[in-house]
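Coordinates in review
Chain by chain, the residues run as shown.
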Amino acid sequence: MLTSTHYSNIRMLSPDGILMCRLSARRARWYLDHGLASPEGEDAIRLTFEPNGLGANGHTFYTSAHEDQCVVCGRPDALSRHHCVPYCFRRHFPDDYKVHNWHDIVLLCDECHNGYEVVAQSVKNSLLKVPADELAGRKNTLRAIKVAHTLATHIDRIPTDKIVEMRQYLAEFLGLDTVTDDQIVDLALTDRPCLLSDDDWKRIVDDLDDIDGFVRWWRQHFVDIMEPRYLPTGWSVDSPASRKEFDQCVGR
Ligand SMILES: [Zn+2]
């Protein structure tokens, strides 16, 4: 949840007064504090050195002012940041796709955010390449650890016939005829496996032939499902996905 204004929309100008991009107030303050820029009215800073290029000049999204509102319904409060490309994938992208790229982070109100995440989660799950037997194995292990933990901590509250049943279940899980109290405690203290691990998402990214296409697919999916009416000016499914593509777009 964001508790303060999200977009400060401070304009960053070249020494010649050309709009290079929009900045957060915090970032603008950093330039001022380091003597790299001087204030230009209330909502702009002007660089005091000759930059290597004109920043995002030429790309509407990065030079336009953005509103603090849900991009779907326009609500101005209860906002949080949404990664159009799910973070579980994006975090495994090459740096060129992650540096200085906030095009794919948009603001959503809680209601719209929750609504889309349900749909996105089912898509993410459909992309998983975890073999069914491996997933079943993780579930069995997790269940056995939970049963062992229950036996180890709440045995005085469990009916006798249920205790017998649970011990038998654990014996079968461990491939034994019977299970000792020590074995139950050992199992109860075992680290619980995640049903899905970070490696499972990484494997999907590693196998991608076309990261740019993957990024655009998620943007289009978000647009198709949510039909956002308040996307920032210049936001586009076809916007550059990487720094390299961005540089080409602005003519570097
Ligand atoms: Zn909304």
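In this text, all values refer to a predicted model and were calculated from it rather than measured experimentally.

**What to know about the overall build of the protein chain**
In terms of helices and strands, the protein chain carries 10 helices and 6 strands. The globule rule puts the C-alpha radius of gyration for 252 residues at 18 Å, and the 26 Å found for the protein chain is more than 25% above it. Counting only C-alpha atoms and orienting by the principal axes, one finds that the protein chain spans roughly 80 × 40 × 35 Å. Sorting the 252 residues of the protein chain into buried and exposed places 19% on the buried side.

**Side note on the environment of Leu79**
Looking at the element boundaries, Leu79 is found in strand 5 (residues 79-83). Of the residues examined, Leu79 has 22 C-beta atoms within 10 Å and is grouped as buried. Sequence spacing of Leu79 and His6 is 73 residues, and the spatial spacing of their C-alpha atoms is 9.2 Å.

**Observations regarding the nonpolar core**
In terms of nonpolar packing, the biggest core is built from 20 residues, with Cys70, Val71, Val72, Leu107, Leu108, Cys112 and Trp218 touching the most fellow members. In terms of residue count, the dominant contributor to this core is helix 9 (residues 211-226) (5 residues). Leaving out residues up to four positions away in the same chain, Val71 has contacts with Val106, Leu107, Leu108, Pro228, Tyr230 and Leu231. In this structure, Ile10, Leu23, Ile45 and Tyr62 belong to the second largest nonpolar core, which totals 9 residues.

**Some words on the domain arrangement of the protein chain**
Frequently, the measure chosen for interface size is the accessible area that the parts lose on association. Domain boundaries assigned for the protein chain yield domain 1 (1-57), domain 2 (65-129 + 199-252) and domain 3 (132-188). When each unit is reduced to the centre of its C-alpha atoms, the spacing between domain 2 and domain 3 is 42 Å.

**Observations concerning the packing of helix 5 (residues 132-154) against helix 7 (residues 181-188)**
Relative orientation of the contacting elements helix 5 and helix 7 amounts to 120°, with a least axis distance of 8 Å. Taken as axis vectors, helix 5 and helix 7 run oblique relative to one another. Here the hand of the crossing between helix 5 and helix 7 comes out left-handed. In contact with Ala144, Ile145, Ala148, His149, Leu151 and Ala152 of helix 5, helix 7 contributes Ile184, Val185, Leu187 and Ala188.

**Considering the packing of helix 5 against helix 6 (residues 160-174)**
Two quantities define a packed helix pair, namely the angle between the axes and the distance from one axis to the other. Taken N-terminus to C-terminus, the directions of helix 5 and helix 6 make an angle of 140°; their axes are 10 Å apart at the nearest point. Compared by their axis directions, helix 5 and helix 6 come out oblique. Relative to helix 6, the crossing made by helix 5 is left-handed. Residues Asn140, Ala144, Val147, Ala148 and Leu151 of helix 5 form the contact with helix 6, whose own contacting residues are Ile163, Met166, Tyr169, Leu170 and Phe173. Split by residue class, the contact of helix 5 with helix 6 holds 9 nonpolar, 1 polar and no charged.

**Re unusual backbone geometry**
Here the phi dihedral of Ala78 falls at roughly 55°; this positive angle occurs in a residue that is not glycine. Residue position: Ala78 is located in the loop between helix 2 (60-63) and strand 5. Ala78 sits in the partly exposed class, given 14 other C-beta atoms within 10 Å. In the Ramachandran plot, Glu227 falls in the positive-phi region, its phi being about 45° despite a non-glycine side chain. With respect to the secondary-structure elements, Glu227 resides in the loop between helix 9 and helix 10 (243-249).

**Remarks on the pairing of strand 1 (residues 10-13)**
With burial as the criterion, only one face of strand 1 is covered, namely that bearing Ile10 and Met12; the residues Arg11 and Leu13 on the opposite face remain uncovered. Note that strand 1 and strand 2 (residues 19-23) share 4 bridges and pair antiparallel. Looking at strand 2, one finds that Leu13 is bridged to Leu19. Hairpin geometry of strand 1 and strand 2 is characterised by an intervening segment of 5 residues between the two adjacent antiparallel strands and by a positive phi of about 85° at Gly17. Examined bridge by bridge, strand 1 and strand 4 (residues 44-47) share 3 bridges and lie parallel to one another.

The rules we used
Residues numbered from 1 in each chain as written. Predicted model: local features only at pLDDT ≥ 70, side-chain atom pairs only at ≥ 80, totals over all residues. Helix = DSSP H or I, 4+ residues; strand = E, 2+ residues; numbered from the N terminus. Rg over C-alpha atoms; globule rule 2.2 N^0.38 Å. Buried ≥ 20, exposed ≤ 12 C-beta atoms within 10 Å, placed from the backbone. Core = buried A, V, L, I, M, F, W, Y, C linked by C-beta atoms within 7 Å. Contact = placed C-beta atoms within 7 Å. Domains from an automatic or database assignment. Axes fitted to C-alpha atoms, helices over the stretch in contact; angles between N-to-C directions. Parallel < 35°, antiparallel > 145°, perpendicular 65-115°, else oblique. Left-handed = near helix turned anticlockwise from the far one by under 90°. Nonpolar A, V, L, I, M, F, W, Y, C, P; charged D, E, K, R; others polar. Pairing = 2+ DSSP bridges.

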